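# Structural overview for review
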Amino acid sequence: MPITLEQPTGAHLLTPDDDELAVPVTLRYTCADPLAVHLVFPAWISLDDEEVTWTFARSLLEEGLGAPAGVGSVHIRPGGPARTYVEFRTPAGVAVVRFDTPALRRFLLRSYEIAEPGGEPLGPALDRGLASMLGGV
C-alpha cells in the first residue's frame, strides 16, 4: 500500500496589485511518485474553478529552500529565513505564492522519513515512465 504524506498549510498568492490573498494549500508526497512533491490548490483559486495540482521534483524544493532554483515552469527562491517564494509559470502568466519556510522544511523532512533522498524506490515510477514513452505497451 503506497504511503502518502499530506500536510495542509497556509500560503499567500501575491497579486499584481501587490496585495496578498491567503490560500490554503495541501503539500503532498507519495511513495508511488517518489521523486516528486505535489502542491494542491483549491478550486476557487483557479481560473476554471477546478482544483489545481502542481507537481515538481522534491530535489527542487530542497534546493529552492536554500538558494534560487528552477528551470521551466517552477522556480523557488528563499525570501529570508522565514519565507519562500514559489513561482508557477504558464503561457497564461506567472503566479507567485509565498510560503512560510518552516512549513515547507517540515514537510520535506517528513517526506524523508518515507523515502530518503537517493533511496527512493524507482521501480514503479520507472515502469510508468517507460510505459508512457512506449504508448502504454
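Rules used in this analysis
Residues numbered from 1 in each chain as written. Predicted model: local features only at pLDDT ≥ 70, side-chain atom pairs only at ≥ 80, totals over all residues. Heavy atoms only, no water. Pairing = 2+ DSSP bridges. Helix = DSSP H or I, 4+ residues; strand = E, 2+ residues; numbered from the N terminus. Axes fitted to C-alpha atoms, helices over the stretch in contact; angles between N-to-C directions. Parallel < 35°, antiparallel > 145°, perpendicular 65-115°, else oblique. Left-handed = near helix turned anticlockwise from the far one by under 90°. Contact = heavy atoms within 4.5 Å. Core = buried A, V, L, I, M, F, W, Y, C linked by side-chain atoms within 4.5 Å. Buried < 20%, exposed > 50% of the residue type's maximum accessible area, 1.4 Å probe, protein only. Phe/Tyr/Trp six-rings, centres within 6.5 Å; stacked < 30°, edge-to-face > 60°.

Moving on to the pairing of strand 7 (residues 83-90). Here strand 6 (residues 74-78) runs beside strand 7; their pairing, made up of five bridges, is antiparallel. The residue of strand 7 that forms the bridge with Arg 77 is Tyr 85. In this structure, strand 7 lies alongside strand 8 (residues 93-100), joined through eight bridges in antiparallel fashion. Directly across from Glu 87, in strand 8, lies its bridge partner Val 96. The loop that links strand 7 with its antiparallel partner strand 8 comprises two residues.

Direction vectors running N to C along helix 1 (residues 58-66) and helix 2 (residues 101-114) enclose 140°, while the axes themselves pass 11 Å from each other. The angle between helix 1 and helix 2 places the two elements in the oblique class. Once helix 1 is placed against helix 2, the crossing between them reads as left-handed. Here helix 1 contributes Arg 58, Leu 61, Glu 62 and Leu 65 to the contact with helix 2, which in turn contributes Thr 101, Leu 104, Arg 105, Phe 107, Leu 108, Ser 111 and Tyr 112.

In a soluble, globular protein the nonpolar side chains are often hidden away together inside. Leu 39, Phe 56, Leu 61, Phe 88 and Phe 99 are the most contacted members of the largest nonpolar core, which has 27 residues in total. Sequence-distant contacts of Leu 61, that is, excluding residues within four places in its chain, are made with Val 37, Phe 56, Ile 76, Leu 104, Phe 107 and Leu 108.

Moving on: the packing of aromatic side chains. Counting across every chain of the model gives two aromatic pairs. Between Trp 54 and Phe 88 the ring centres are 4.6 Å apart and the planes differ by 40°, which places this aromatic pair in the tilted class. In this pair, Trp 54 is assigned in strand 4 (residues 52-57) and Phe 88 in strand 7, connecting sequence segments 34 residues apart. Each member of the pair Trp 54 and Phe 88 is classed as buried. An aromatic cluster is built from Phe 41, Trp 54 and Phe 88, whose rings are joined through pairwise contacts.

Purely spatial values, then, with no claim about function.
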